[in-house]
Amino acid sequence: MDSPADPQPDDLLTGALRRVLGRAMGVRLFAAGAAAPARPAQSAALWLTLFVAIWAGLHLLDPAPERIPGQIASLLGWGALYFAAALYLAQSTTERIYNIVERDILPHASERYKAAVAESLVRSYPLARLFGIPLLVALAAIVAAHRTLAFDLSPHIPAWPRAPETWLWVISYLIYFWTAAIAVVAARFYRIFAKHLELDQDRFYVLGAADTPLVKGLARLGTQVLIFWVFIFLATLSSMVLAVLPTGWNLPPDSWLLFLMVPVCGFFSLGFGSIVYLESEDVIRSTLQRFTNEAASKLQAASNALLDPRSGKVPDSRERLDLLAGWHDRILEGGRYGSRIRAAVSIALPLLLPVASIIVQIFKSHP
């Protein structure tokens, strides 16, 4: 018999989930630690305050007006605002995820399901995967961004600037790429919840499996994660404003940095998130279909015992046969799961921008 000090399945699952997500979709900056701001808006404001203070300090070190081109200053300003928005979205979404798990999943899941999900979360998220791999991705991304930005600015400046603000751009964008990659890895947690749903098939409603509280809770969880990626995608898309700023502050219309960063970041945020979302939805749908098909097959067997025209078996009364047929149809209909609209949006948005960018580049290269 377990001692009172042994952790309960609810605590194991929430503890494992918090280990993965922290307070901001896996990002551990101002959104982690006991002294961190409790509200997302405070975390965003703290980031902006710190960034502006560092930028102002670097400006005091090198106050010459020609120290950096306006394009780098624009990138610094947009990047700070983007990260503040992303931090706000990540922290507020994580809070909603915890609320959904606490209110819509834990009360309706079995102890076996909770323990299995907790174990999988711990096993699937070693620190190297959660932080190490994203760091490698971020290093590759900042090298690519550095080279493309140098190519964009080469017609405007004779050499790559070496002012302190340039290093601020490199370090801050490395942080942006790293934390974005962490969020991409951490947000895959939803698939683990979906994968273990089959453990709780005995809790499904026979005449409405898709309306089972645990299934509806997982649907809310998946929708919340998808909404997060939609807003992150829109925040990334806002970088296109850098192409329409006043001369001297704008990136060129055919900027390689924008042409590469926006589609690539869009795919690895909403695009990759959509793949995980659709895969998880398919796991849930398949689990429900297996359950309903098994239940419906029992009714088919009972119907065959009443009706078999090949052997001349025809029931005197249709009442029982109609009742079985009605149950059969309700079971199959009640197992239908998923939203075609959400699936269409999750597929279309991450593909729309890369396709549009490619078309624009083709027209520009063939005047």
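Treat the numbers as computed from the prediction; the structure is a model and nothing was measured.

1. Brief notes about the overall build of the protein
Argument step 1. Scanning the protein from terminus to terminus reveals 11 helices and zero strands.
Argument step 2. Traced from its N-terminal end to its C-terminal end, the protein shows the element sequence α-α-α-α-α-α-α-α-α-α-α.
Argument step 3. When each of the 367 residues of the protein is scored for burial, the buried share is 45%.
Argument step 4. Taken as a whole, the protein presents about 19000 Å² of accessible surface, with 65% of it coming from carbon and sulfur.

2. Things to note about helix 5 (residues 127-153)
Argument step 1. Taking 1.5 Å of rise per residue, the 27 residues of helix 5 would be expected to cover 39 Å, and the 38 Å separating its terminal C-alpha atoms lies within 8% of that figure.
Argument step 2. Buried residues of helix 5: Leu 130, Pro 134, Ala 138, Ile 142, Ala 145, Thr 148, Leu 149, Asp 152 and Leu 153, and no others.

3. Looking at empty space enclosed by the protein
Argument step 1. Overall, the coordinates contain one cavity of 30 Å³ or more when judged by the stated rule.
Argument step 2. A volume near 50 Å³ is recorded for the largest cavity.
Argument step 3. As for the largest cavity, its lining consists of Ala 187, Tyr 190, Gly 222, Val 225, Leu 226, Trp 229, Gly 273, Val 276 and Tyr 277.
Argument step 4. Going through the elements one at a time, helix 8 (213-237) and helix 9 (256-306) are the ones with two or more residues in the lining of the largest cavity.
Argument step 5. A per-element tally of the lining of the largest cavity places helix 8 first, with four residues.

4. As for the pattern of salt bridges
Argument step 1. This model, assessed by the stated rule, comprises seven salt bridges.
Argument step 2. One salt-bridge network, held together by shared partners, links Asp 10, Glu 111 and Lys 114.

5. Points about the layout of surface pockets
Argument step 1. Estimates place the volume of the largest pocket at around 860 Å³.
Argument step 2. What lines the largest pocket is a set of 38 residues, and nearest its centre among them are Phe 177, Ala 180, Ala 181, Cys 265 and Phe 268.
Argument step 3. Elements with a contribution of two residues or more to the lining of the largest pocket: helix 3 (70-105), helix 5, helix 6 (164-186), helix 8 and helix 9.

6. What to know about helix 3
Argument step 1. Taking 1.5 Å per residue as the helical rise, helix 3 with its 36 residues ought to reach 52 Å, and the 50 Å between its terminal C-alpha atoms agrees with that figure.
Argument step 2. The buried count for helix 3 comes to 27 of 36 residues, which makes it a mostly enclosed element.

7. Here's the deal with the nonpolar core
Argument step 1. Counting 92 residues, the largest nonpolar core has Trp 169, Phe 189 and Phe 193 as its most contacted members.
Argument step 2. Examining the composition of this core, we find that 18 residues originate from one element, helix 3, more than from any other.

8. Overview of the packing of helix 2 (residues 40-61) against helix 6
Argument step 1. Direction vectors running N to C along helix 2 and helix 6 enclose 155 degrees, while the axes themselves pass 9 Å from each other. Between helix 2 and helix 6, the interaxial angle falls into the category roughly antiparallel. As for the relative orientation of helix 2 and helix 6, their crossing is right-handed in sense. Within the contact between the two elements, helix 2 uses Trp 47, Phe 51, Ile 54, Trp 55, Leu 58 and His 59 and helix 6 uses Pro 164, Glu 165, Leu 168, Ser 172 and Tyr 176.
Argument step 2. When the residues that make up the contact of helix 2 with helix 6 are grouped by side-chain class, the tally is eight nonpolar, two polar and one charged.

9. Digging into the packing of aromatic side chains
Argument step 1. If you walk through the whole model with that rule in mind, you get 13 aromatic pairs.
Argument step 2. Relative to Phe 193, the ring of Phe 189 lies with its centre 5.9 Å away and its plane at 90 degrees, an arrangement referred to as edge-to-face. Here the residue Phe 189 and the residue Phe 193 both occupy positions in helix 7 (residues 189-195), the gap between them amounting to four residues, near one helical turn. Of the two residues, Phe 189 and Phe 193, neither departs from the other in class, the shared state being buried.

Basis of the calculations
- Residues numbered from 1 in each chain as written.
- Predicted model: local features only at pLDDT ≥ 70, side-chain atom pairs only at ≥ 80, totals over all residues.
- Heavy atoms only, no water.
- Helix = DSSP H or I, 4+ residues; strand = E, 2+ residues; numbered from the N terminus.
- Buried < 20%, exposed > 50% of the residue type's maximum accessible area, 1.4 Å probe, protein only.
- Areas by Shrake-Rupley, 256 points an atom, 1.4 Å probe, with all protein chains shown as cover.
- Expected span 1.5 Å × (residues − 1).
- 1 Å grid on protein atoms, 1.4 Å probe; cavity = no way out; pocket = protein on both sides within 12 Å on 5 of 7 lines; lining within 4 Å.
- Points joined across faces, edges and corners; volume = space filled by probe spheres on them.
- Salt bridge = Lys/Arg side-chain N within 4 Å of Asp/Glu carboxyl O.
- Core = buried A, V, L, I, M, F, W, Y, C linked by side-chain atoms within 4.5 Å.
- Axes fitted to C-alpha atoms, helices over the stretch in contact; angles between N-to-C directions.
- Parallel < 35°, antiparallel > 145°, perpendicular 65-115°, else oblique.
- Left-handed = near helix turned anticlockwise from the far one by under 90°.
- Contact = heavy atoms within 4.5 Å.
- Nonpolar A, V, L, I, M, F, W, Y, C, P; charged D, E, K, R; others polar.
- Phe/Tyr/Trp six-rings, centres within 6.5 Å; stacked < 30°, edge-to-face > 60°.

Structural measurements only, silent on function.
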